[in-house]
Amino acid sequence: MPPSLALTPGLGSFLKCLKTNPIDTSIETLISLLKRRQIRHSRSCATATAYLLRSVISACRTTDSAKLIERVQSVGRRLMAAQPREMVVGNIVRRVLGLIRDEAEDDRDAEFALSDIGSESQPQTPRAYDDPSLPLDRDSPSFRSEERSSRPALTSMFSLLSHPEPEHSLPSTPGSSSPSGRLPGHGPSKDVRAEVLEGIGEIIDELGQVDDQIAAYALDHIHSNEIILTHTSSTTVQKFLLKAAAKRKFTVIHAESYPNNHEATHATVSGSAVSDDDNLGVEAFQKPLIEHGITVILIPDSAVFALMSRVNKVILGTHSVLANGGLVAAAGTRVIARAAKVHQTPVVVVSGVYKLSPVYPFDFDSLIEYGDPSMVLPYEEGDLVDLVDVQNPIYDYVPAELVDLYITNLGGHAPSYLYRIVSDHYRKEDISF
Amino acid sequence: MAPKQKAGQKPKPNAAEEVEETFQAVVLADTFETRFEPFTRDKPRCLLPLANTPLIEYTLEFLANAGVEEVFLYAGAHSDQLEKYINASKWRALSSPFKQFTFLKSTSTSVGDVMRDLDGKHLITGDFIVVSGDVISNLPIEGALAEHRARRALDKNAIMTMVLREAGLEHRTKSTSVSPIFVIDPTKDRCLHYEEINRHPDEEQLSRLNIDAEIILKNPELDIRQDLIDCSIDICTPDVLSLWSDSFDYQSPRKHYLFGVLKDYELNGKTLHTYIIKDHYAARVRNLKAYDAISKDILSRWTYPLCPDTNLLPGHTYTLRKGSMYQETGVTLARSCVIGRRTVIGKGTSIGDRAEVHNSVLGRNCKIGRNVKLDGAYVWDDVVIGDNTDVRGAIIADGVVIGKNCAIAAGALLSYGVKIADNIWVESGKRITKTRNDGGVGKNDPAVVGEEGEGYEFIHGEEDEDEDDDMSVASSGLVYRMPNLSLSSASISTLSSEVSNTSWARSERSSFSADEDADNFHHDASVSLFDSLREGVAADVVQLELVTLRMSANASDNQVRRAIVTSFMKHIQQLMEGGKGAGPAVNGVFTAYKEVVERTLFDRNKEQKKDQVDLLLSLQQDLIHRNKGDTVLLFTAKSLYELDLIEEEAYDQWWNDERSSNSEEMRAVRSQTQQFVDWLAEAEEESSEEESEEESDDE
């Protein structure tokens, strides 16, 4: 007779109650969950936000896109205020806003019988070329392209000037998979809401598949007999390495990322990790690297510099990526990136596009969250607790110049190229809403 | 073993759904203690701000964190304020994480009453958590809960699990005065014995732990732990309530209930268990010292994520800057002011030129003047502090106005609305308030707050002559740096719990009942003594009986002396009515029971003969109403002197004591004794050999 466990609130319980509770309750619940840090990690936050916005929009009984935008903005603002350091929340909100705007403009386009030619002529999708197996991220470029065609009509002089640029820079990639099939369905009477909901569904799908998509690039970057250094228990990185491990033999050096993530890291390395419900279960990978015959060496963070000279490549996960190419990642990342720079070791960051934030980091300190100091110094040490200021930053800011390559689900990008992806995914008017 | 397995297989939401039962919690908003006086005169304790967020928010946040669905909030003093607050808060909104939030008012005067009331209401359906309304914790309770339920599944008698936080020997968050000692069987996590001992024992009473020998014999392994912070988070089964009901005299959850239930294990067969946590934060704001320590903990993020920048309350906009500085938007800082580490500054607060703020919490809309120095200060909302004022380690409540060039020393407490005039120095540990115990406004005391100031010095237990109070005052002081001030206290002793309530009606009742107790003792003791005297029982037996009575009624020495005097005089009078002369009667009785009287006088070697004077005064008082009282007094005085029970100095002090001559009757009764006293005074000058002759002459 198993005694029932009261479910501690988390992503699982949130998603469960989202179905039953009225929408305002759900918003409040998510806000308090974010505040209490019961939903953490980028992906969980992103998933929760996407699901919430889907319910918000389906509960909104209007087809007026302006009202929808207003509603999403107000919800989004509250969510972001609840936990400003989880930037993915803002990212998802912005993408949903972009979706609504696109649909609204689509409508207008259709009314004015603006042809689809514009969109067909601008298949600015390098990712489609890199990975033809992605149905979901194709939609954002498609909206994007339509929006672009219509944008000169509604935006300022500035965007008039800035617009042609992406269009010209992109045609080098053949737009083989431009989703022209979507457009014929758009009648003048189509329901904006339904379209947006569909779009959000695709974002949710993207969140579910992003790791596999990124892992698809693994064989391009990991070669036989390389020594790879990594950090934290990021599932994205693990999947990436696992994919490569299926074909190639290499060595992994794993820094344990004490004190905030070392337990998870140990579990990951030894394969004893239980799939935590935050990751919705599906993310659990079955076998650790060692079962694929990969040598994994777990080292303390302090040994990173000493070993760096032997390392061929550093692969890092991240918390979020900023528009300037810098990243906010688990504490200790900067040290590793720095050491890699000294040894001229390439640093590769794997990250889903959803982590890419249009925020420009003017104040790095404000991006860094400080956690529970008891991870560093046990609270029992009464004397020290009284006399010493203990700080436990959870994140590090890594400047763009320390990163050599970003691999997203759209492919590999140089840090200096990220601004392009940002402008592909977020509309200017939403960047600071 | 069982709980571990469970933890491993938990993430099956469907399985959990089927067996899910409502998880209930009981919040004791009033802990029936006086530790936060004088602030609690105006506001319930759980609404006092801790790092600018009311205490109760932290507790409810903890419960929400733990996944509690139904909350019963028991309010005590100021329940109307609390109810208003709760109704306006997010916990009562539709979006509240609690499915049900019940606000219960009660007239209870102790935790025990609350529990018995709860039992009577039959609200509790399953396992529930009991927390007091001042718990700060970021602990996910599920581990403890799983363990509790597993244990309960095996053994119905495992009724309670207490969550305890491990802390080192010395820790700022631990209570310094009373330290709880848990004797635990580590193999079963079972608590076998509990006792509270004083950390700073008085000279007379050394702190001792009394463990039943049986516990030691029966358990091969024992942990005796004193390093635990008792955060009073208990996971209980409904049986706990029925046990409360069974023992109607239990008042405090630890000192009485825990102690009692463990003691009576043989009787009730219930076992209580502990869950000791080594990580996560858990503490209780049990007194002002803890308030200080926990504020610091919050600012240095030990309570993460319950930190100011989490903005628990809607409308809060705190952000964290480097160096544990939390600021809301809309703070006005002069260019030349210095804001140091570990500070919290609320919205609308302005800080003047060259002011320095370190380790301090400032509420909203405060005005801090120029050159002000704040260090370790807790400044609540709407406070005005004049230029050049210096505040260190003090708590300054809402709406206080402090003039220019003042100094507020460490440990000072300024309650709501107090005004301090310019150039005033408020001493360390002083408590200044405006509100009287009955809710009215007290008289201003210019000596304390200056000519234009408002407020008067708060003296603990103004209306009560309770000895315990001094102790608890000391322990509740913010000034923990001074060891002599953080002495000790009976945490929830019967008396202090009764007077703790800020409402006038209740404390009136309590003083009344104290009088009643005293009357009872006096009556019982004098009757039984009188009976013994009449039957001629031996002195040691009389003594034993008296001691027993005194113990059971917790009577003071003064009461004992009064009882002795009454019974002795009654007996003597009876003897005299039976035809005996006053002299022999008095002499006979006092000679026979010299020992009894002697045991009530403790000032033999002291300068001031308080006890002896007191005895004489009681005698005098008693003899007013008796026949030939004056004669008896003379003989009694003489025979007490001869028996060496009362010394010459005492007679002197008694005679000069104004109490012995402040009424017509008193003077009449002692008139005859005049000669004896005169003689005594003369005798002092003469040689001791002559004394006996003189004496016989007198007779």
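Residues numbered from 1 in each chain as written. Chains lettered and ligands numbered in written order. Predicted model: local features only at pLDDT ≥ 70, side-chain atom pairs only at ≥ 80, totals over all residues.

Quick word on the overall build of chain A
Note the following rule: To qualify as a helix, a DSSP run of H or I must reach at least 4 residues; to qualify as a strand, a run of E must reach at least 2; elements of each kind are numbered from the N terminus. Every C-beta atom is placed from the backbone, and the number of other C-beta atoms within 10 Å of a residue's own sets its class: buried at 20 or more, exposed at 12 or fewer, partly exposed in between. By definition, residues are in contact whenever their C-beta atoms, placed on the basis of the backbone, come within 7 Å of each other.
For chain A, the count of helices and strands is 20 helices and ten strands. Counting every position in chain A, which comprises 433 residues, the buried fraction comes to 50%. Of all intrachain contacts in chain A linking residues separated by at least 6 positions in sequence, the fraction that spans at least 24 positions is 80%.

Observations concerning the overall build of chain B
Regarding its fold elements, chain B presents 25 helices and 35 strands. Contacts in chain B between residues at least 24 apart in sequence constitute 58% of all its contacts with a sequence separation of at least 6.

Looking at the sheet that holds strand β1 (residues 227–231) of chain A
Residues and elements named next belong to chain A. Applied cut-off: For two strands to be treated as a pair, DSSP must find no fewer than two bridges joining them. Orientation is described by lines fitted to C-alpha atoms, with helices fitted over the stretch in contact, and by angles between N-to-C directions that extend from 0 to 180 degrees.
With mixed pairing, seven strands are arranged side by side in an open sheet as β3-β2-β1-β4-β7-β9-β10. Lying at the two open borders of the sheet, with one neighbouring strand each, are β3 (295–299) and β10 (411–413). Between one strand and the next, the sheet's axes are offset by a mean angle of 25 degrees, whatever the strand orientation. Alignment of strand β9 (residues 405–408) against β10, held across three bridges, turns out to be antiparallel. Counterpart to Thr-408 in the pairing with β10 is Gly-411. Of the strands in this sheet, β1, β2 (251–255), β4 (313–316) and β7 (347–350) touch helix α13 (residues 235–247), which is tilted by about 110 degrees from β7. Contacts from helix α16 (residues 333–342) reach β1, β2, β4 and β7 within the one sheet, and its direction differs from that of β4 by about 160 degrees.

Let's talk about the domain arrangement of chain B
Put simply, the rule is: Residue ranges for the domains trace back to a domain assignment, done automatically or taken from a database.
Examined at the domain level, chain B breaks down into domain 1 (24–284), domain 2 (317–457) and domain 3 (517–692). Centre-to-centre, using C-alpha coordinates, domain 2 of chain B lies 56 Å away from domain 3 of chain B.

Describing α13(A)
All names here are of chain A. Where we set the bar: Multiplying 1.5 Å by the residue count of a helix minus one yields the expected span of that helix.
Under the 1.5 Å per step criterion, the end-to-end length of α13 is 19 Å for 13 residues, consistent within 8% with the ideal 18 Å. With ten of its 13 residues buried, α13 lies for the most part within the structure. Every buried residue belonging to α13 is among Thr-235, Thr-236, Val-237, Gln-238, Lys-239, Phe-240, Leu-241, Leu-242, Ala-244 and Ala-245, and all of these are buried.

What to know about the domain arrangement of chain A
All names here are of chain A. Rules: Amino acids outside the nonpolar list (Ala, Val, Leu, Ile, Met, Phe, Trp, Tyr, Cys, Pro) and the charged list (Asp, Glu, Lys, Arg) are all regarded as polar, and Gly is one of them.
Each assigned domain of chain A is listed with its residue range as follows: domain 1 (11–105 + 192–201) and domain 2 (221–430). Taking only C-alpha atoms into account, the centre of domain 1 sits 27 Å from that of domain 2. Taken together, the 18 residues of domain 1 in the interface contact 17 residues of domain 2. Listed by contribution, the elements that provide at least two residues to the side of domain 1 that touches domain 2 are α1 (11–20), α3 (42–59) and α5 (87–111). Sort the elements by how many residues they give to the side of domain 1 that touches domain 2 and α5 lands first, with ten residues. Its residues assigned to classes, the side of domain 1 that touches domain 2 comprises six nonpolar, seven polar and five charged.

A word on the packing of α1(A) against α3(A)
Residue and element names in this part refer to chain A. For the record, the criterion: In these notes the angle categories are as follows: under 35 degrees is roughly parallel, over 145 is roughly antiparallel, 65 to 115 is roughly perpendicular, and the rest is oblique.
The N-to-C vectors of α1 and α3 enclose an angle of 5 degrees; their axes lie 11 Å apart at closest approach. What the angle tells us is that α1 and α3 run roughly parallel. Counted together, Leu-11, Phe-14, Leu-15 and Leu-18 of α1 and Ser-44, Thr-47, Ala-48, Tyr-51, Leu-52 and Ser-55 of α3 form the full contact between these two elements. Of the residues belonging to the contact of α1 with α3, the class tally is seven nonpolar, three polar and no charged.

Focus: helix α20 (residues 610–623) of chain B
Over its 14 residues, α20(B) runs 20 Å from end to end, which matches the ideal 20 Å to within 8%, given 1.5 Å per residue. Summarising the contacts, the buried residues of α20(B) are in contact with α17 (557–577), α21 (629–642), α22 (648–656) and α23 (664–670) of chain B.

Some remarks on the environment of Asn423(B)
Residues and elements named next belong to chain B. The residue Asn-423 is located in the loop between β32 (419–420) and β33 (425–426) in this model. Note on Asn-423: 14 C-beta atoms within 10 Å, which makes it partly exposed. With residues near it in sequence (within four places) discarded, Asn-423 still touches Asn-405 and Cys-406.

So, the sheet that holds strand β27 (residues 390–392) of chain B
All names here are of chain B. Strand order in this open sheet of six strands is β18-β21-β24-β27-β30-β33, and the pairing throughout is parallel. Strands with a single pairing partner mark the edges of an open sheet, and in this sheet they are β18 (338–339) and β33. Bridge count for strand β21 (residues 356–358) against strand β24 (residues 373–375) is three bridges, and the pairing is parallel. Directly across from Glu-356, in β24, lies its bridge partner Lys-373.

Remarks on the pairing of strand β10 (residues 190–198) of chain B
It is a general feature of regular strands that their side chains alternate between the two faces of the sheet. All names here are of chain B. Summarising the sheet, strand β9 (residues 178–185) and β10 pair through eight bridges and their orientation is antiparallel. The residue bridging Phe-182 from the neighbouring strand is Tyr-194, located in β10. Here β9 folds back onto β10 in antiparallel fashion, the turn holding four residues, of which Asp-189 has a positive phi close to 55 degrees. In the sheet, β10 pairs with strand β13 (residues 271–277) via two bridges, with the strands oriented antiparallel. Residue Arg-190 lies in a different strand from β13, and its bridge partner there is His-273.

Observations concerning the packing of helix α2 (residues 23–35) of chain A against α3(A)
Residues and elements named next belong to chain A. Operational definition: For any pair of crossing helices, the crossing counts as left-handed if the nearer helix is rotated counterclockwise from the farther one by less than a right angle, and right-handed if it is rotated clockwise.
Two elements in contact, α2 and α3, have axes whose closest approach is 10 Å; the angle formed by their N-to-C orientations is 165 degrees. By the angle class used here, α2 and α3 are roughly antiparallel. Both α2 and α3 take part in a crossing whose hand is left-handed. In this structure, α2 contributes Ile-23, Ser-26, Ile-27, Leu-30 and Leu-34 to the contact, and α3 contributes Cys-45, Ala-48, Leu-52, Ser-55, Val-56 and Ala-59. Looking at side-chain class alone, the contact of α2 with α3 contains nine nonpolar, two polar and no charged residues.

With respect to the confidence of the model for chain A
Applied cut-off: For every residue, the predictor reports its confidence as pLDDT, a number between 0 and 100.
When pLDDT is averaged along chain A, the result is 78, and 76% of the positions lie at 70 or above. Here residues 275–284 of chain A scores under 50 on pLDDT; set against residues more than four positions off or in separate chains, the count is 17 contacts.

What about the environment of Met162(B)?
All names here are of chain B. Within the secondary structure, Met-162 sits in strand β8 (residues 158–166). Along the primary structure Met-162 and Thr-59 are separated by 103 residues, whereas in three dimensions their C-alpha atoms are 16 Å apart. Excluding anything up to four places from it in sequence, Met-162 contacts Cys-191, Asp-234, Leu-272, Thr-274 and Tyr-275.

Remarks on unusual backbone geometry
With an omega of 0 degrees, the peptide bond running from Tyr258(A) to Pro259(A) counts as cis. Mapping Pro259(A) onto the fold places it in the loop between β2 and α14 (262–270). The amide bond that connects Tyr304(B) to the next residue, Pro305(B), takes the cis arrangement and shows omega of 5 degrees. Relative to the helices and strands, Pro305(B) is located in the loop between α11 (288–299) and β15 (319–321). Backbone geometry places Asn225(A), a non-glycine residue, at a positive phi of 60 degrees.

Looking at the environment of Val261(B)
All names here are of chain B. Within the secondary structure, Val-261 is located in helix α9 (residues 253–263). We classify Val-261 as buried; it has 24 C-beta atoms within 10 Å. Those residues in contact with Val-261 that lie beyond four places of it in its chain are Leu-243, Asn-268, Lys-270 and Leu-272.

So, the nonpolar core
Counted only if it meets this: Think of a nonpolar core as buried Ala, Val, Leu, Ile, Met, Phe, Trp, Tyr and Cys residues chained together by C-beta atoms that fall within 7 Å.
In this structure, Leu53(A), Ile92(A), Val27(B), Val163(B), Val379(B), Ala394(B) and Ile396(B) are the most contacted members of the largest nonpolar core, which totals 234 residues. The dominant element in this core, judged by the number of residues it contributes, is α5(A), at ten residues. The residues contacting Leu53(A), other than those within four sequence positions of it, are Val72(A), Ile92(A), Val93(A), Val96(A) and Ile200(A). If you look at the next biggest cluster of nonpolar residues, it comprises 39 residues, including Phe521(B), Ala585(B), Val613(B) and Phe676(B).

Let's talk about the confidence of the model for chain B
Residues and elements named next belong to chain B. Considering every residue of chain B, the mean pLDDT works out to 78; 84% of them sit at 70 or more. Low pLDDT (under 50) marks residues 1–19, which in the prediction has 20 contacts with non-local residues, meaning those over four places away or in another chain. Scoring the predicted complex yields pTM 0.71 and, for the interface, ipTM 0.77.

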